[in-house]
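Chain by chain, the residues run as shown.
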Amino acid sequence: MIIDTHLHPTNLIDEAWRHTGEPFTGERMIELMDGPYWINGKPRRIDMGFIQPPPGNTVWREGGRGGREGIRDYMAYVTELTQKYPDRFIGNFNYNPRFGPENGAAELEFHVKEYGFKMMKLHANMHAYRPDRALDWLRPALRKCDELGVVVLLHTGDGPYSIPTQFYPIIREFPNVEFIIGHFGVQTGGVYCFEAFWMIMDSPNVYGESGWLLQSRIVEFAKEMPRDRLVFGTDSPPNDPGMWLTHLEVLCHEPPQGLGIEEDQLEDYMGNNIARLVGIQPTAPPASVEEARVQLAAGSYGAPTE
């Protein structure tokens with residue numbers, strides 16, 4: 001199955017990205033996920049995706065509520081979508097410590113237990129704190145992640161507060177929490193992919209997200225990384241999922257452009273690795289074009305094991 005770790009549907013105009021001036025709703029997101037996308041000559045869809053609000057909509061604005069009420073306000077539409085489309089969307093809780101660290105930790109637990117959220121996002125740049133110096137702001141939520149088995153997605157790739165190694169202190173302090181380096185250290189402000197790579201190689205609880213990573217570096221890093229440490233994420237919108245799927249598909253090509261990997265390994269990168277982390281049953285890739293067409297028509301992939 002294909003699972004996208006990084007999607008941003010919204011029923012509001014995005015405060016930061018703006019896009020076309022029209023909200024990119026959950027229904028538009030499902031249409032985007034449905035593709036079809038052609039992987040090794042077979043039609044596929046993005047079966048499931050972790051959804052979160054656009055980062056610009058998770059900051060306090062004049063007239064907005066604070067505390068736990070304010071957090072529920074910015075998480076409300078994502079929560080609604082996870083309940084409306086449970087076979088397609090999984091909740092990713094955005095933790096903004098400026099609404100109060102204990103408030104955020106309590107709301108994380110609420111969203112996990114009440115709505116089945118399985119991931120938490122830290123966006124230190126958007127929320128304006130330095131993660132290696134604001135540990136007291138992060139610890140309440142990380143303790144909940146440790147207790148509840150929640151995976152943590154880190155926005156990385158731009159300064160001053162989202163350089164990958166700035167998260168090393170909290171990663172070291174919580175060795176039983178799984179951390180995904182979002183964008184693999186690449187974003188609009190910088191290319192820190194080598195930092196991200198060595199963090200993954202150095203720490204057994206650190207994973208890399210494929211989206212934004214340069215295609216040639218995907219090949220270089222996948223050659224050395226443990227097979228279970230790369231996950232698929234697109235940061236859509238504004239990004240196009242098909243482009244990032246193609247970047248992973250290249251790994252099946254012959255060297256030097258690819259690595260000649262088997263489709264089972266590609267399936268791990270595209271979805272099974274993150275599935276195993278959050279308790280979703282992994283699936284084998286379709287064996288033929290016809291099998292892929294049947295799965296696409298039936299929507300048969302994407303059922304949680306719970």
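In short, a report on the structure.

Reading guide: rules and limits
- Residues numbered from 1 in each chain as written.
- Predicted model: local features only at pLDDT ≥ 70, side-chain atom pairs only at ≥ 80, totals over all residues.
- Heavy atoms only, no water.
- Helix = DSSP H or I, 4+ residues; strand = E, 2+ residues; numbered from the N terminus.
- Rg over C-alpha atoms; globule rule 2.2 N^0.38 Å.
- Buried < 20%, exposed > 50% of the residue type's maximum accessible area, 1.4 Å probe, protein only.
- Contact = heavy atoms within 4.5 Å.
- Areas by Shrake-Rupley, 256 points an atom, 1.4 Å probe, with all protein chains shown as cover.
- Lys, Arg positive; Asp, Glu negative; His and termini not counted.
- Charge placed at Lys NZ, Arg CZ, Asp CG, Glu CD.
- Pairing = 2+ DSSP bridges.
- Axes fitted to C-alpha atoms, helices over the stretch in contact; angles between N-to-C directions.
- Parallel < 35°, antiparallel > 145°, perpendicular 65-115°, else oblique.
- Left-handed = near helix turned anticlockwise from the far one by under 90°.
- Nonpolar A, V, L, I, M, F, W, Y, C, P; charged D, E, K, R; others polar.
- Core = buried A, V, L, I, M, F, W, Y, C linked by side-chain atoms within 4.5 Å.
- Expected span 1.5 Å × (residues − 1).
- Bend = angle between axes of the 7 residues up to and from the residue.

**Quick word on the overall build of the protein chain**
No. 1: If you tally the helices and strands in the protein chain, you get 11 helices and 12 strands.
No. 2: In terms of C-alpha radius of gyration, the protein chain reaches 18 Å, essentially the compact-globule figure of 19 Å for 306 residues.
No. 3: Overall, the C-alpha framework of the protein chain stretches about 55 × 40 × 40 Å when taken along its three principal axes.
No. 4: Out of the 306 residues belonging to the protein chain, those deemed buried represent 58%.
No. 5: Considering only residue pairs separated by 6 or more positions, the protein chain has 75% of its internal contacts joining residues 24 or more positions apart.
No. 6: Split by element, the accessible area of the protein chain, about 12,300 Å² in all, is 51% carbon and sulfur.
No. 7: Positive and negative side-chain charges in the protein chain, numbering 27 and 42 respectively, have mean positions lying 4 Å apart.

**What about the sheet that holds strand β4 (residues 48-51)?**
No. 1: One open sheet accounts for eight strands, arranged β1-β4-β5-β6-β7-β8-β11-β12; its pairing is parallel. At either margin of the open sheet sits one strand with a lone partner, and together these are β1 (3-7) and β12 (230-231).
No. 2: Judged from the three bridges that link them, strand β8 (residues 179-182) and strand β11 (residues 206-209) form a sheet pairing that is parallel. Of the residues in β11, the one forming a bridge with Phe179 is Val206.
No. 3: Its contacts with the sheet put helix α7 (residues 193-202) on β8 and β11, and the angle it makes with β11 is roughly 145°.

**With respect to the packing of helix α3 (residues 101-115) against helix α5 (residues 135-148)**
No. 1: α5 packs onto α3 with a crossing angle of 20° between their chain directions and a minimal axis gap of 8 Å. Comparing their axes, α5 and α3 come out roughly parallel. In this structure, α3 crosses over α5, and the sense of that crossing is right-handed. Between α3 and α5, the residues in contact are Pro101, Glu102, Ala105, Leu108, Glu109, Val112 and Lys113 and Asp136, Trp137, Pro140, Ala141, Lys144, Cys145, Glu147 and Leu148, respectively.
No. 2: Taken together, the residues of the contact of α3 with α5 sort by class into nine nonpolar, no polar and six charged.

**Description of the nonpolar core**
No. 1: Among the nonpolar cores identified, the biggest contains 70 residues, and Met120, Leu122, Leu142, Val152, Phe179, Phe184 and Leu248 are the most heavily contacted of them.
No. 2: With six residues, helix α2 (residues 67-84) is the single largest residue contributor to this core.
No. 3: Aside from chain neighbours lying at most four places away, what touches Leu142 is Met120, Leu122, Val152, Ile170, Phe174, Val177 and Phe179.

**What about α2?**
No. 1: The terminal C-alpha atoms of α2, which comprises 18 residues, lie 26 Å apart, in line with the 26 Å expected from a rise of 1.5 Å per residue.
No. 2: Approximately 55° is the largest bend angle found in α2, and it occurs at Met75.
No. 3: Among the residues of α2, Gly67, Gly70, Ile71, Tyr74, Met75, Tyr77, Val78, Thr79, Leu81 and Thr82 are the ones counted as buried.
No. 4: Buried residues along α2 sit in contact with α1 (26-34), β4, β5 (89-95) and α3.

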